[in-house]
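Residues per chain are reported as follows:
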Amino acid sequence: MAWYDEFPAMGRTELRDLKNAIDKGFRAWTREHGGTVEAIFEPIKDLLIWSERLLLNTPWPIILIAITAIAWFGSRKIPITVGTLLTLVLIGYFDMWEDTMRTVSMMFVCTLVSIVIGIPIGIAMSKSNLLERMITPVLDIMQTMPGFVYLIPVVMLLGIGKVPGLLAVVVYAIPPIIRLTNLGIRLVDKEVLEAADAFGSSSWQRLKNVQIPLAMPTIMAGINQTIMMALALVVIASMIGVQGLGQPVLKAIANQQFTLGVFNGLAIVGIAIIFDRVSQAYGKRLQSHSEVVHGN
Amino acid sequence: METETAESIEIRGLYKIFGRRAKSYIDAVKNGMGKQELQEKHGHVLGLQDINLTMPAGSIQVVMGLSGSGKSTLIRHINRLIDPTVGEVLVNGEDVCKMNTRALRNFRRHKTAMVFQKFALLPHRTVIDNVVYGLEIQGVDKDKQQTEARRWIDRVGLSGFEDNYPNQLSGGMQQRVGLARALTNDAPILLMDEAFSALDPLIRMDMQSVLLDLQKELRKTVVFITHDLDEALRLGDRIAILRDGAVVQEGTGQDIVLRPADDYIENFVKEVNRGRVILVESVMKEGPPAANATLELGRDTQLESAARAMTQSNVNVANVIDMNGECCGQVTMGDTVAAMVRQDDESEDGEQARSA
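Per-chain numbering applies: the sequence of each chain, read as written, is numbered from 1 onward. For this description, chains carry letters from A and ligands carry numbers from 1, given in the order in which they are written. Only residues with pLDDT of at least 70 get local features here, since the model is predicted, and only at 80 or more are side-chain atom pairs given and counted; chain-wide, interface and lining totals rely on the full set of residues. Computation of side-chain values: all heavy atoms of the structure, hydrogens and water removed.

## Brief notes about the overall build of chain A
Move 1: Note on conventions: DSSP H or I runs of at least 4 residues are helices, E runs of at least 2 residues are strands, and numbering of each starts at the N terminus. A tally of regular secondary structure across chain A gives 13 helices and zero strands.
Move 2: Along chain A, helices (α) and strands (β) appear in the sequence α-α-α-α-α-α-α-α-α-α-α-α-α when read from the amino end.
Move 3: Across its three principal directions, the C-alpha atoms of chain A cover 80 × 55 × 45 Å.
Move 4: Residue contacts are counted whenever heavy atoms from the two residues lie within 4.5 Å of one another. In chain A, once contacts between residues fewer than 6 apart in sequence are set aside, the share between residues at least 24 apart is 75%.
Move 5: Taken as a whole, chain A presents about 16300 Å² of accessible surface, with 67% of it coming from carbon and sulfur. The Shrake-Rupley method, run with a 1.4 Å probe, gives the accessible areas here. Residue values count only the displayed protein chains as cover.

## Looking at the packing of helix 5 (residues 97-127) of chain A against helix 13 (residues 258-286) of chain A
Residue and element names in this part refer to chain A.
Move 1: One can describe the packing of helix 5 onto helix 13 by two numbers: an axis separation of 11 Å at closest approach and a directional angle of 40°. By the angle between their axes, helix 5 is oblique relative to helix 13. Judged by the sense of rotation from one axis to the other, the crossing of helix 5 with helix 13 is right-handed. Contact residues: helix 5 offers Asp-99, Thr-100, Thr-103, Val-104 and Met-107, while helix 13 offers Asn-264, Ile-271 and Phe-275.
Move 2: For the contact of helix 5 with helix 13, the residue count by class is four nonpolar, three polar and one charged. Every angle, taken between N-to-C directions, lies between 0 and 180 degrees, and every axis is a line fitted to C-alpha atoms, over only the stretch in contact when it is a helix. Throughout, the term roughly parallel applies to angles under 35 degrees, roughly antiparallel to angles over 145, roughly perpendicular to angles from 65 to 115, and oblique to all others. Each crossing gets its hand from how the near helix is turned against the far one by less than a right angle, where anticlockwise is left-handed and clockwise is right-handed. When residues are sorted by character, Ala, Val, Leu, Ile, Met, Phe, Trp, Tyr, Cys and Pro go into the nonpolar class, Asp, Glu, Lys and Arg into the charged class, and all the rest, Gly among them, into the polar class.

## Observations concerning the environment of A:Ala21
Residues and elements named next belong to chain A.
Move 1: Positionally, Ala-21 belongs in helix 1 (residues 12-40).
Move 2: Using a 1.4 Å probe on the protein chains alone, a residue whose accessible area is under 20% of its type maximum counts as buried, one over 50% counts as exposed, and one in between counts as partly exposed. For Ala-21, a relative accessible area of 49% translates into the label partly exposed.
Move 3: Separated by 235 residues in sequence, Ala-21 and Gln-256 have C-alpha atoms that sit 39 Å apart.

## Digging into the interface of chain B and chain A
Move 1: Taken together, the 29 residues of chain B in the interface contact 21 residues of chain A.
Move 2: By convention, the term buried area covers the 1.4 Å-probe accessible surface removed from two parts as they join, with the contributions of both added. Per-residue buried area on chain B facing chain A is highest for B:His124, B:Tyr133 and B:Asn167; these three make up 24% of the total on that side.
Move 3: Salt bridge, as applied in this entry: a Lys or Arg side-chain nitrogen positioned within 4 Å of an Asp or Glu carboxyl oxygen. Here chain B is connected to chain A by two salt bridges.
Move 4: A salt bridge links B:Arg76 to A:Glu194; the shortest N-O distance between them is 2.5 Å.
Move 5: By the criterion applied in these results, polar contacts are pairs of N or O atoms within 3.5 Å in which, for protein atoms, one can donate a hydrogen and the other can accept it, and in which residues neighboring in sequence qualify only through two side-chain atoms. Put simply, chain B and chain A have seven residue pairs in polar contact (both at pLDDT 80 or more) between them.
Move 6: Broken down by secondary-structure element, the contributors of at least two residues to the side of chain B that touches chain A are helix 4 (101-110), strand 6 (112-115), helix 6 (133-138) and helix 8 (171-184) of chain B.
Move 7: Here the element with the most residues in the side of chain B that touches chain A is helix 6 of chain B; it accounts for four residues.
Move 8: Grouping the amino acids of the side of chain B that touches chain A by side-chain chemistry returns 13 nonpolar, eight polar and eight charged.

## Some points on the domain arrangement of chain B
Often, the extent of an interface is quoted as the loss of accessible area upon association of its parts.
All names here are of chain B.
Move 1: For each domain, the first and last residues come from an automatic or database assignment. Under the domain assignment used here, chain B contains domain 1 (9-111 + 187-269) and domain 2 (275-339).
Move 2: Placing a centre on the C-alpha atoms of domain 1 and another on those of domain 2 gives a separation of 35 Å.
Move 3: Interface area for domain 1 against domain 2, summed over the two sides, is near 400 Å², with a carbon-plus-sulfur share of 74%.
Move 4: The three residues of domain 1 that bury the most area against domain 2 are Gln-254, Val-257 and Leu-258, which together make up 86% of that side's buried surface.
Move 5: Counting every contact that joins domain 1 to domain 2 gives zero salt bridges.

## Regarding the sheet that holds strand 14 (residues 327-332) of chain B
All names here are of chain B.
Move 1: In this analysis, strands are considered paired if DSSP registers two or more bridges between them. Ordered by their spatial adjacency, four strands build an open sheet running 11-14-13-12, and the pairing between neighbours is mixed. The strands lining the two open edges of the sheet, one partner per strand, are strand 11 (285-286) and strand 12 (295-298).
Move 2: Pairing of strand 12 with strand 13 (residues 317-321), which is carried by four bridges, proceeds in the parallel orientation. When the sheet's bridge partners are listed, Glu-296 is paired in strand 13 with Asn-319.

## Focus: a nonpolar patch on the surface
Residues and elements named next belong to chain A.
Move 1: In this scheme, patches are assembled from residues that exceed 30% relative accessible area and form no salt bridge. Like charges are connected within 9 Å, while nonpolar side chains (Val, Leu, Ile, Met, Phe, Trp, Tyr) are connected within 5 Å. A cluster of nonpolar side chains, contributed by Leu-86, Leu-90, Tyr-93, Phe-94, Phe-258, Val-262, Phe-263, Leu-266, Val-269 and Ile-273, occupies part of the molecular surface with about 1000 Å² of accessible area.
Move 2: Mapped onto the nonpolar patch, the elements with two or more residues apiece are helix 4 (78-93) and helix 13.
Move 3: Per-element accounting of the nonpolar patch gives the leading share, six residues, to helix 13.
Move 4: Tracing the backbone shows Phe-263 in helix 13.
Move 5: With a relative accessible area of 34%, Phe-263 lands in the partly exposed category.

## Comments concerning the packing of aromatic side chains
Move 1: Between the rings of Phe, Tyr and Trp (Trp by its six-membered ring), a pair exists once the centres lie within 6.5 Å; its type follows the angle of the planes, with under 30 degrees stacked, over 60 edge-to-face, and the other angles tilted. Applying the stated criterion to the full structure yields six aromatic pairs over all chains.
Move 2: Judged by centre distance (6.4 Å) and plane angle (15°), the rings of A:Phe26 and A:Trp29 are stacked. Of this pair, A:Phe26 and A:Trp29 are both found in helix 1, three residues apart, which corresponds to roughly one turn of the helix.
Move 3: Judged by relative accessible area, which is 27%, A:Phe26 ranks as partly exposed.
Move 4: One aromatic cluster is present, built from ring pairs that chain together A:Tyr93, A:Phe94 and A:Phe263.
Move 5: Definition used: whenever NZ (Lys) or CZ (Arg) falls within 6 Å of the ring centre and also within 35 degrees of the ring normal, the charge is taken to sit over that ring. The lysine or arginine in question, B:Arg243, covers the ring of B:Tyr264, its NZ or CZ lying 4.0 Å from the ring centre.

Next up, the structure:
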């Protein structure tokens, strides 16, 4: 056999030993520090439980009214509001209310965590080219690594349940908000920034008065993308015990129940559209000052 | 009336080279390396070279030049939006270039205000919220912010537009907002970077008048950048002309029109309405009054007005009086008209006269 017929790979034993060594090392580390890590995520776990209980224990009509009201005050558009109401009614009628509430709760917390972590990272990135060059490849990895792969270490570390699910979702969904915060701030008109400097703004005043407000449309697009990606990961996250619309889908795959899969799939689509339309309309409304142009 | 005293600005030996290793080319530039050579051989851009300017307190200093001459770079050195490669910018004797971050921030907040060519308003804020910006970041209390802002919005003629967004206004109105924002800051130095260049001619004239009216009352130290000589002559107490980053001539409008330093400036002043720039004092004969003169003109009368006055009174000679009302010389109709038309205009005007 010629040398070029097969790639000169590492010997099988060495490769196995390498993998085993890394796994053993990581396992040892998790065994030692698992408790600490769990403790760190305790507050997030509490938040997850609190928001899920809130949505499940509140009588459904109140939730229905509340979400419809949010849609109205966010978008100020009748079609979006009516669409929201209709989608929720259908979800309830087809007996998916509880699962939907679990998913919505998960989405809410995931988005919140993504915003709280993502926006400051995006801001820091916009301030330093070095940081941008360092973080960008990390974001690339986070976005392209198959979702299943980072379920593994998360499960090893935290077991199955809500918190590891949240971690997996956030890792997958946070890149757009970081990227677009960075981009939005970098695109802010240099002249306006110069004016802010000329009047003696401190860097915090510049950020608060000029950069964030002017980057807001882009940041909102990032939040929107983050929500969409989080929803997309719901089914995968259900594999590690995240309750919600993902679990019936998983069950449907296992038992070849086509209709069950489609119903729950459509419910995910439904809330995705609600989230998307409302957040986009809200973002657009924030920019209302740019719509009325002189002469029109 | 403003209570603050105006501040003088002095620029000494200012050089600005753009590029990675700017400092290392300073000596070469000081020894005569030109803009082009620096660019071609070393890939560095010479922004400003050996600028020495004294801008007296309370007057309007115009810096004029074509695009690329370094005028916008120069004005940005005064509030240090750009750091010089070497040189000093002294405001009332204090070097702006040596200030630390905090001192610089305070200097910008309290001593300078700036108006920009493209207005640079905050698009997400209403007119009034734009105008209070300077005071807001100084931490002035809200009520005072509002009263001050409303006062200046009123002064620049924008009452009733307080709650509009900038892009609901025309260019001229937006620049009034820019001006009001700068004036509300109540700073002794007003930096105007091509402030009226983006406006159409009529509105520009209008804004020039607004500025001149305000200046009569406020007596700020104004640095005004323009590429338009007419604007420079109309506004400037003193004018500095910049070319390739160096000052080619500095003086009053009259100095520049009457004694252009070189062909470059000569070319500029060719089309100027001399009757509105040159004053009686530069064509009068000093000495005793003319015995037969019945008309008296101030030293600072423009030639155009002097000629009009003499024509109307039907006289050929007038006495010139100074600010104290004392006579200091005489001026004839002939000299006045001769100064208004350029002596070497044979080529164009002569031919037109012949063909007519």
